[in-house]
Amino acid sequence: PGCVLVISSYSAIVAVVFTVPSKYERLLEDASSAFYDNKYKETVTLCTEAIVEKEDSQDAYYLRGQAYYEQKEYELAVKDFEKVLDLGGEYVYKELWQACEKAKDTSSAEKYMKAQLKCDEYDVETYIALVNLYEKKGKQETQCYMRALEAYIQIINLIGRIKIHDRTPQEFEYYYKALLGKI
């Protein structure tokens, strides 16, 4: 949007071409401004109008998902983030697991955490969330303690504090429980 300057090297003619933003572009720009002004309901309305103009808009679905998340409408946020994913936007895994976690959908949160870690194996925040999720589940499922430990070891390796090699599962479980103060 704005002004484009075209210079012809052959005739030394300078032409200025003005481009007018499309209705979709104006709606998305207004929605973005509303979002940054913490006007989340307005953001949702404008993004919905933008989606009517351009049904495959990852940007509009993503921004609307963010607005739903800020309004604590986590199920709607998940739906929009999943639409972004369907449209090819793999950058939403973190937002997806966070919204699923808030919506108390731990199995989907776990699925999206693992997908996020496939995209970014150095994402310490997601590893920590995975450890916490497994810890919560561990109260119901014993095997989750081992998965939590595996995720915790990834965190330790990532931050470079210590490296753990050649340990038995029992040693890991003991180590993990010791870290949690359970022994």
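Residues numbered from 1 in each chain as written. Predicted model: local features only at pLDDT ≥ 70, side-chain atom pairs only at ≥ 80, totals over all residues. Heavy atoms only, no water.

Draft legend 1. View of the environment of Asp80. For Asp80, the position within the fold is in helix H4 (residues 74–86). Separated by 17 residues in the primary sequence, Asp80 and Leu63 have C-alpha atoms spaced 8.8 Å apart. In this structure, Asp80 is in contact with Tyr61, Arg64, Gly65 and Tyr68, ignoring residues within four places of it in sequence. Polar side-chain contacts of Asp80 include one of 2.6 Å to the side chain of Arg64. (Helix = DSSP H or I, 4+ residues; strand = E, 2+ residues; numbered from the N terminus. Contact = heavy atoms within 4.5 Å. Polar contact = N/O pair within 3.5 Å; in protein donor to acceptor, adjacent residues only side chain to side chain.)

Draft legend 2. Structural detail: the nonpolar core. Leu85, Leu96, Tyr112, Met113 and Leu130 are the most contacted members of the largest nonpolar core, which totals 41 residues. Contributing elements (two or more residues each) for this core: helix H1 (23–36), helix H2 (40–53), helix H3 (58–70), H4, helix H5 (93–102), helix H6 (106–119), helix H7 (124–138) and helix H8 (143–159). Apart from the residues within four sequence positions on either side, Leu96 is in contact with Val78, Phe81, Glu82, Leu85 and Tyr112. (Core = buried A, V, L, I, M, F, W, Y, C linked by side-chain atoms within 4.5 Å. Buried < 20%, exposed > 50% of the residue type's maximum accessible area, 1.4 Å probe, protein only.)

Draft legend 3. Structural detail: the packing of H2 against H3. Following both chains from N to C, one finds H2 and H3 inclined at 155 degrees, their axes separated by 9 Å at the closest point. Our classification of the angle between H2 and H3 gives roughly antiparallel. As H2 runs across H3, the sense of the crossing is left-handed. Side by side, H2 and H3 meet where Tyr40, Thr43, Val44, Cys47, Thr48, Ala50 and Ile51 of the first sit next to Ala60, Tyr61, Leu63, Arg64, Ala67, Tyr68 and Glu70 of the second. Grouping the constituent residues of the contact of H2 with H3 by class yields ten nonpolar, two polar and two charged. (Axes fitted to C-alpha atoms, helices over the stretch in contact; angles between N-to-C directions. Parallel < 35°, antiparallel > 145°, perpendicular 65-115°, else oblique. Left-handed = near helix turned anticlockwise from the far one by under 90°. Nonpolar A, V, L, I, M, F, W, Y, C, P; charged D, E, K, R; others polar.)

Draft legend 4. How the structure looks around the environment of Leu46. By the element assignment, Leu46 lies in helix H2. Its relative accessible area of 12% is what places Leu46 among the buried residues. When the C-alpha positions of Leu46 and Ser32 are compared, they lie 9.0 Å apart, and in sequence the two are 14 residues distant. The contacts of Leu46, once residues within four sequence positions are left out, are Leu27, Asp30, Ala31 and Ala34.

Draft legend 5. Structural context of the pattern of salt bridges. This model, assessed by the stated rule, comprises four salt bridges. Residues Arg64 and Asp80 are paired through a salt bridge, measuring 2.6 Å at the closest nitrogen-oxygen approach. Of the two residues, Arg64 is situated in helix H3 and Asp80 in helix H4; the sequence distance between them amounts to 16 residues. As far as burial versus exposure is concerned, Arg64 and Asp80 are alike and both buried. (Salt bridge = Lys/Arg side-chain N within 4 Å of Asp/Glu carboxyl O.)

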